[in-house]
Amino acid sequence: MSMATHAVVRNWSLEPTEAAECEVARVIASQFQVGNITKVERFRERGNINLHTFHIETDLGHFLLQRLNTDVFAYPERVMETMQNWTDCQRSALKERPEITWEPITLIPTVEDHPFLRFRIGGTLNVWRMMRQIPDITTFKSLSEVPTREAQLALAEQVGRGLALNADLTADLDTESMRPSLPGYRDTHGYYAQFESVLAGHRELDAVLLPEDEEVRAATAACYTLSPLLGDAEAENRRLDPDLRPYLELIAEAKEHALTLADGVRSGWLRCTPIHGDTKIDNFLFDRQTWGVRSLIDLDTIMPYTWLADWGDCVRSLCNVAGEKERDLDLVQVDQEIYGAVAAGFLGTTERAKPEEVALMVDAVEIIALELGLRFLTDHLRGNNYFSLGTDDPEDLNLVRGKVQLTLYRRLREARPQLEAVVASCLAP
């Protein structure tokens, strides 16, 4: 029986206002095996996608109640099934490596012993999960929060160690039966097809060659055409922007390199492994006292690909000294010491990485920076209908983000000999 059929469906007619949220959360939390609830409060430290998260205190301990954002994740049962398999795999692997300090997320079942709860609020069907809160941990949004250079490098090394542990402990998870929660994510071929279609100014789907896979086609079709909110004149202005031309040319020229990981996995010469899909530093949990890495959370984007994508995404974000919204592109530089610290943590920990994968570690950072730049600029050209803008965001935010990532790609390419030497030094006996 699938996890989806295990789910409990309950009706809840109250549309929670801000004042009533915690009371609604208390009712929902009471449907899980958490004991007697003594306190409920909004959990405000985390959450960019799953925004409804509550801290639940009971006589049995501390828990986190969270609603999955089904606007983003159209297959919530799939998210939960994969999350359960992921954590089970890590626990099984940890039995063989008892010396490791690592704590997988623990999902708490409902009172009827189901792994998650369907709950209807104001007529909208939601999916809720309960997790045990890992004690005595801290998180960081960026290395800039760390006061000294020595501490920054030590923390970066712990991130690398966490990447390796995460990849090693899930290496035996079956990817053949894994169903991605975000069809089309990390599909570099698809991103280039969207870019080329949008650059051609297509507005109708009948003019576009869409993906063959039905799920991917349904999930990404809107990304192949211009947003209806973007007028023809503005669309043309964006496509013909002379400042943008060098970046568009770079994307086209670098296509073969950008497809290295995708083609490697597709053809089978590169091992297909489970990946986390969002390895930014604030998804790692660290010991509050020692800052040793203890876990990796936000397990909603797990999918089969190559661990090199997780590595590349993490390192490209950590080594960019300017951040992702910097308008002065001269400030976009590669912090080679941070790069080396993450590499040292990873290569000093991993037991499962293959030589042919390690040989692509420098490429992977370049590729993910290039891929993200491609995605941001495509969305700018399309009318910002994927990386949607907040009310306070400037209209050109995705343009800025795209230029930053492509400038970072250039910087990584320029520093490639030094970065190859950094990785090689971490492999030395």
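Provided above is the structure to which this section pertains.
## Section: the side chain of T175
Okay, step 1: Mapped onto the elements of the fold, T175 is located in the loop between α4 (149-169) and α5 (188-199).
Okay, step 2: Setting aside anything within four residues of it in sequence, one finds T175 in contact with C272, T273, P274 and P304.

## Remarks on the sheet that holds strand β8 (residues 137-138)
Okay, step 1: Spatial strand order, β8-β10-β11: 3 strands in an open sheet with antiparallel pairing. This sheet does not close on itself; its edge strands, each paired only once, are β8 and β11 (293-296).
Okay, step 2: Alignment of β8 against strand β10 (residues 284-287), held across 2 bridges, turns out to be antiparallel. Note that in β10 the partner of I137 across the bridge is D287.

## Regarding the nonpolar core
Okay, step 1: Counting residues in each nonpolar core, the largest one holds 85 residues, and the members touching the most others are L308, W311, Y339 and L412.
Okay, step 2: Broken down by element, this core gets its largest block of residues, 11 residues, from helix α14 (residues 361-382).
Okay, step 3: With sequence-adjacent residues up to four places away left out, L412 is seen in contact with C319, V334, Y339, V365, E366, A369 and L419.
Okay, step 4: L64, M83, W86 and C89 belong to the second-largest nonpolar core, a separate cluster that totals 22 residues.

## Side note on the pairing of strand β4 (residues 61-67)
Okay, step 1: β4 sits mainly inside the fold: 5 of its 7 residues count as buried.
Okay, step 2: Looking at chain direction, strand β3 (residues 53-58) and β4 are connected through 6 bridges and run antiparallel. What sits directly across from T53, in β4, is Q66.
Okay, step 3: Hairpin connection, β3 to β4: the antiparallel pair is bridged by 2 residues.
Okay, step 4: Bridging between β4 and strand β7 (residues 124-132) involves 5 bridges; their strand directions are antiparallel. Bridging across to β7, R67 finds its partner in W128.

What counts and what doesn't
- Residues numbered from 1 in each chain as written.
- Predicted model: local features only at pLDDT ≥ 70, side-chain atom pairs only at ≥ 80, totals over all residues.
- Heavy atoms only, no water.
- Helix = DSSP H or I, 4+ residues; strand = E, 2+ residues; numbered from the N terminus.
- Contact = heavy atoms within 4.5 Å.
- Pairing = 2+ DSSP bridges.
- Core = buried A, V, L, I, M, F, W, Y, C linked by side-chain atoms within 4.5 Å.
- Buried < 20%, exposed > 50% of the residue type's maximum accessible area, 1.4 Å probe, protein only.

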